[in-house]
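In case you want the letters, here they are:
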Amino acid sequence: MSLPLRPGVYLMKNKSGEIIYVGKAKALKNRVSSYFGSHYNHTAKVIKMVENVQDFDYIVTDSEFEALVLECSLIKQHSPKYNILLKDDKGYHYVKITNSPWPRIDAVMQLENDGSEYIGPYTSSFAVRQTVEQARKIFRLPQCGKTFPVPHKQRPCLNYHISQCSAPCAGKISQCDYAKSVEQAVDFLKGGSASLIKSMQEEMERAAENLEFEKAASLRDKINAVSKFGEKQKVVSVGVAEQDVFALSQTADKACLAVLRFFAGRLCDTEHFILEAPEDGAQARYELLMRYYSMRERIPPRILIDALPADCDLLAEWLSEKLGKKVSFTVPQRGDQLKLLEMCRSNAAEKLALSLGRRGTDTQALDELARLLGLESPPEYIESYDISHTAGSENVAGMVVFKNAHPYKAAYKRFKIKGFDGQDDCASMAEVLERRFRHYLEETAKPEGEKRDEGFTHLPDLILLDGAQMQVNAVKAVLMRMGIKVPVYGMVKDSSHRTRAITGEGGEIAINSKRSAFTLVSTIQEEVHRFAIEYHRKRRSSGISTTLVQIEGVGPKKAQVLMKAFKSVAAIKKASVDELSAVKGVDKRTAKAVFDYFNGSDV
């Protein structure tokens with residue numbers, strides 16, 4: 001099929017003729033042809049889609065903007081398998097007041113013909129649940145599932161003792177006073193706080209004039225509670241009347257898009273969507289925003305987002321036309337707006353962690369670390385290395401693994417430096433990493449079914465070295481030579497041996513402002529240091545140098561005697577024959593053998 005170099009929409013179809021992907025293009029010929037050339041620059045999702053394409057069609061438009069509008073309409077109509085689709089579970093929500101002698105107030109999703117009073121509908125389940133919960137607490141209405149009156153008086157629960165329930169189950173409130181509290185709660189739900197506060201203040205003043213001080217005090221407490229609730233609603237307004245905030249949190253397999261919606265100076269709704277982890281963040285944000293606003297009536301003039309979507313200007317133009325005035329995208333860098341974005345990110349991480357059965361703080365830490373280092377996805381499998389020795393003797397290394405932000409001790413490894421003696425942290429680190437990935441290549445080459453070493457079979461998402469840029473450069477050279485592609489960074493300590501920054505090719509990256517990532521990196525650095533030094537101390541405690549026992553005539557006992565006398569291999573290297581033979585238990589012949597070994601005698 002000959003394709004024009006004009007804007008338009010293309011439709012990919014499978015062998016059944018079903019549309020499996022809809023996309024737009026500035027130049028149809030170039031865009032569609034790119035799918036069927038080399039797969040080198042394609043993501044796994046695109047490769048999988050192309051394998052299922054049996055036919056395609058296209059629609060030419062006058063502009064790329066018209067293509068976007070048509071793309072949105074066709075995606076909404078066909079819900080293609082390979083487009084990012086958001087499941088819209090938005091329904092209508094109501095506040096239900098039961099028709100009974102002791103009415104109950106609940107948040108529900110369905111209208112029923114049961115004689116109850118319903119307030120609504122509302123599109124925000126968040127707002128309905130929050131307001132009902134607050135109304136119950138303020139007016140001390142039961143939050144349990146009991147039906148009143150109960151057959152026998154019961155002991156009041158904790159909510160009564162913390163002044164969040166009037167305990168009708170224990171006979172602590174009359175039916176008349178209870179009905180009055182429900183009436184006030186309904187006024188609060190229908191009319192908000194201003195009119196209710198005014199009427200309650202008048203009632204409180206009358207009660208005080210009639211010397212009904214207990215009633216007046218109760219009304220005073222309710223007025224204070226309603227006022228505080230009104231203040232809480234304004235706490236995150238940041239002076240912006242209307243805006244939406246978007247943030248994406250992801251793992252290797254799943255992602256969560258979180259949305260906070262602000263209207264009339266307050267948070268009015270929050271939503272989240274769980275989806276497959278996208279491989280292209282900018283393109284994913286474009287598709288997510290397009291889908292989201294094709295499902296929503298209200299479009300705000302300002303949209304905060306954690307990273308700009310692909311075709312940002314085009315998307316803004318489309319939203320502006322739908323709204324009837326300009327819509328702008330902002331990626332906040334500081335101040336209150338950044339705090340709102342961080343709150344949204346935290347929500348996304350928490351919801352994603354919940355769906356995966358993890359802790360939200362772990363997901364947030366990995367997400368922050370990925371953004372700090374510019375990684376495509378959060379590093380779920382991290383390896384860290386540290387070198388330990390005493391003046392060049394007993395030179396060893398430790399490798400620790402953190403899986404999903406937690407130590408994975410089954411994969412920890414210890415290494416004895418074999419390639420040389422003495423102190424050279426860069427050479428030591430290079431040797432260790434070369435040996436580690438040589439094991440990786442050997443283990444993964446084993447036939448299927450043959451037992452493999454778990455600590456070497458996994459390719460890490462990130463390598464963190466306890467060291468500065470020189471160690472990072474030495475390791476990168478090794479990985480490049482071996483054809484291993486893993487991001488490598490160093491962990492830098494301050495003068496007090498605490499984590500200060502991460503170092504890479506672009507210089508140091510400060511992490512102390514990102515609390516979750518900072519805590520994770522600090523924990524990793526402390527753990528790898530502990531593991532390496534523990535191994536080094538174990539080697540030293542035996543009093544045996546692996547270098548010394550390689551010398552003819554020097555066994556474990558003589559090696560131990562020499563180490564005790566000179567404290568280090570470096571000191572033994574510098575010693576003369578006479579100094580060596582002066583050690584009790586070392587004869588002249590052995591002393592000369594040691595001296596010749598380290599000083600390269602031709603004798």
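You'll find the structure just up there.
Please read all numbers here as calculations on a predicted model, not as lab measurements.

Draft legend 1. Representation of the pattern of salt bridges. Here the structure, examined in full by the defined rule, presents 25 salt bridges. Residues R298 and E242 are paired through a salt bridge, measuring 3.0 Å at the closest nitrogen-oxygen approach. Placement of the pair is R298 in the loop between α9 (281-294) and β10 (302-305) and E242 in strand β7 (residues 242-250), with a sequence separation of 56 residues. Using a relative accessible area of 23% as the deciding quantity, one classes R298 as partly exposed.

Draft legend 2. Main features of the nonpolar core. Counting 39 residues, the largest nonpolar core has F246, L257, Y293 and W318 as its most contacted members. Element by element, the count of residues in this core is highest for α9, at seven residues. Residues contacting L257, with those up to four places away along its chain left out, are L86, F246, A247, L248, E271, H272, F273, L275 and L288.

Draft legend 3. Expanded view of the packing of helix α3 (residues 64-78) against α9. The geometry of α3 relative to α9 is characterised by a closest axis approach of 10 Å and an angle of 70° between their N-to-C directions. Taken together, the axis directions place α3 and α9 in an arrangement best described as roughly perpendicular. Side by side, α3 and α9 meet where L68, E71, C72, I75 and K76 of the first sit next to Y286, M290, R291 and S294 of the second. Across the contact of α3 with α9, the residue classes tally to five nonpolar, one polar and three charged.

Draft legend 4. Structural view of the packing of helix α11 (residues 335-356) against helix α12 (residues 360-373). Relative orientation of the contacting elements α11 and α12 amounts to 125°, with a least axis distance of 8 Å. As far as their axial angle goes, α12 and α11 are oblique. Seen from above, α11 lies across α12 with right-handed handedness. Contacts from R345, S346, A349, E350, L352 and A353 in α11 reach G360, T363, Q364 and R371 in α12.

Draft legend 5. Local environment of the sheet that holds strand β1 (residues 8-13). Pairing is antiparallel across the open sheet formed by three strands, whose spatial order is β2-β1-β3. Pairing within the sheet leaves two strands with one partner each, and these edge strands are β2 (19-25) and β3 (55-60). With strand direction ignored, the average angle separating the axes of adjacent strands in the sheet is 20°. The sheet contacts of α3 involve β1, β2 and β3, and relative to β2 the element is tilted by about 165°.

Draft legend 6. Spatial organisation of α11. Here α11 is 22 residues long and its end C-alpha atoms lie 32 Å apart, about the 32 Å a rise of 1.5 Å per residue gives. For α11, the set of buried residues is Q337, L340, L341, C344, R345, A348, A349, L352 and A353. In this structure, the buried side of α11 is in contact with β7, β8 (254-263), β9 (266-276), β10 and α12. Once α11 ends, the next one or two residues include G357, with phi positive near 75°.

The rules behind each value
Residues numbered from 1 in each chain as written. Predicted model: local features only at pLDDT ≥ 70, side-chain atom pairs only at ≥ 80, totals over all residues. Heavy atoms only, no water. Salt bridge = Lys/Arg side-chain N within 4 Å of Asp/Glu carboxyl O. Helix = DSSP H or I, 4+ residues; strand = E, 2+ residues; numbered from the N terminus. Buried < 20%, exposed > 50% of the residue type's maximum accessible area, 1.4 Å probe, protein only. Core = buried A, V, L, I, M, F, W, Y, C linked by side-chain atoms within 4.5 Å. Contact = heavy atoms within 4.5 Å. Axes fitted to C-alpha atoms, helices over the stretch in contact; angles between N-to-C directions. Parallel < 35°, antiparallel > 145°, perpendicular 65-115°, else oblique. Nonpolar A, V, L, I, M, F, W, Y, C, P; charged D, E, K, R; others polar. Left-handed = near helix turned anticlockwise from the far one by under 90°. Pairing = 2+ DSSP bridges. Expected span 1.5 Å × (residues − 1).

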